[in-house]
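Each chain, written out:
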Amino acid sequence: MDRHSNTLQRLGSLAKTNSELERNKDRLNNEFAKLTDTHNKALEQVRAHEKKTDIITDLQGQIKSLKNQLSYQVKMHDNATSTLKREKQKLKDKLKEEDRKSKAREQEYLDAMEKVVSNEEKRPVLVTSSSSKESNWKQNCALHETIEEITVKLNAMNIP
């Protein structure tokens, strides 16, 4: 019986060991499942990070492109502004020149009118004698010539 008892003890010991092994197997399977789950979550995080990295890279490219477009637009705006300033100055200069010419024409007109008035004031009073008639006639001719000269000048200046 000793042998039988030893065998039974050994069988009991083996059953106990087998039971421990089963528990260890279950524990290891649970730990493996947890590790697999953690590994899968880590892979998902890596994929999400890669997607974010791709998005960031794409956005950086778009930002660079927008910066280049903005730089181009700023240059175009600066060029347009410079051109407008030059054109504005040209128009101001042209306006000043036209104003100067207008004032000169106006002064010529005033001078001509003053000359006419001056000639009118210098005209003597009509006397009935024949010599004064001849003198008056000469003055009238001179006055008409002056008026014609002034009219020609005024027409040349295009004053309405």
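Higher on the page you've got the structure.
Throughout, a residue's number is its position along its own chain's written sequence, starting from 1. The predicted nature of this model means local features are confined to residues of pLDDT at least 70 and side-chain atom pairs, given and counted, to a pLDDT of 80 or more, with totals for whole chains, interfaces and linings taken over all residues. Note that water and hydrogens are dropped before the side-chain values are worked out from all heavy atoms of the structure.

The next subject is the overall build of the protein chain. What the protein chain contains, in helices and strands, is 2 helices and 0 strands. Counting over 160 residues, the protein chain shows a buried share of 6%. All accessible-area figures derive from a Shrake-Rupley calculation using a 1.4 Å probe, and residue coverage is judged against the displayed protein chains alone. Approximately 14,600 Å² of the protein chain is accessible, and the part contributed by carbon and sulfur atoms is 56%. Working definition: helices are DSSP H or I runs of at least four residues, strands are E runs of at least two. Numbering for both runs from the N terminus. Each residue is assigned to one of three classes by its accessible area relative to the maximum for its type, calculated with a 1.4 Å probe on protein chains only: buried under 20%, partly exposed between the two thresholds, exposed over 50%.

With 5 residues, the main nonpolar core is built from A112, V116, I150, L154 and M157. When contributions to this core are tallied by element, the ones reaching two or more residues are α1 (2-122) and α2 (130-157). A total of 3 residues in this core trace back to one element, the largest contributor, which is α2. When checking whether two residues touch, look at their non-hydrogen atoms; a contact exists if any pair is within 4.5 Å. Leaving out residues up to four positions away in the same chain, M157 has contacts with R105, E108 and Y109. In these notes, a set of buried Ala, Val, Leu, Ile, Met, Phe, Trp, Tyr and Cys residues joined through side-chain atoms within 4.5 Å is what counts as a nonpolar core.

What follows is about a positive patch on the surface. Together, K85, K88, K92 and K96 give the surface a local cluster of positive charge. Along the polypeptide, K96 turns up in helix α1. Classification of K96 by relative accessible area gives exposed; the value is 58%. Put simply, a patch holds well-exposed residues, over 30% relative accessible area, that have no salt bridge, with like charges counted together within 9 Å and Val, Leu, Ile, Met, Phe, Trp or Tyr side chains within 5 Å. Between Lys or Arg on one side and Asp or Glu on the other, a salt bridge is scored when a side-chain nitrogen of the former is within 4 Å of a carboxyl oxygen of the latter. Here the positive residues are Lys and Arg and the negative ones are Asp and Glu; neither His nor the chain ends is included. To locate a charge, take NZ of a lysine, CZ of an arginine, CG of an aspartate or CD of a glutamate.

This next bit is on the pattern of salt bridges. Here the structure, examined in full by the defined rule, presents 5 salt bridges. One salt bridge in this structure joins E87 and K90, with 3.7 Å as the shortest N-O distance. On the criterion of helical spacing, the pair formed by E87 and K90 is a turn pair, its members being 3 residues apart in helix α1. A relative accessible area of 53% means that K90 is categorised as exposed. The partner of R100 in a salt bridge is E97, with the nearest N and O atoms 2.4 Å apart. Of this pair, R100 and E97 both sit in helix α1, 3 residues apart, which is roughly one turn of that helix.

Together, L8, L11 and L14 line one region of the surface with nonpolar side chains, adding up to about 300 Å² of accessible area. The residue L11 is located in helix α1 in this model.

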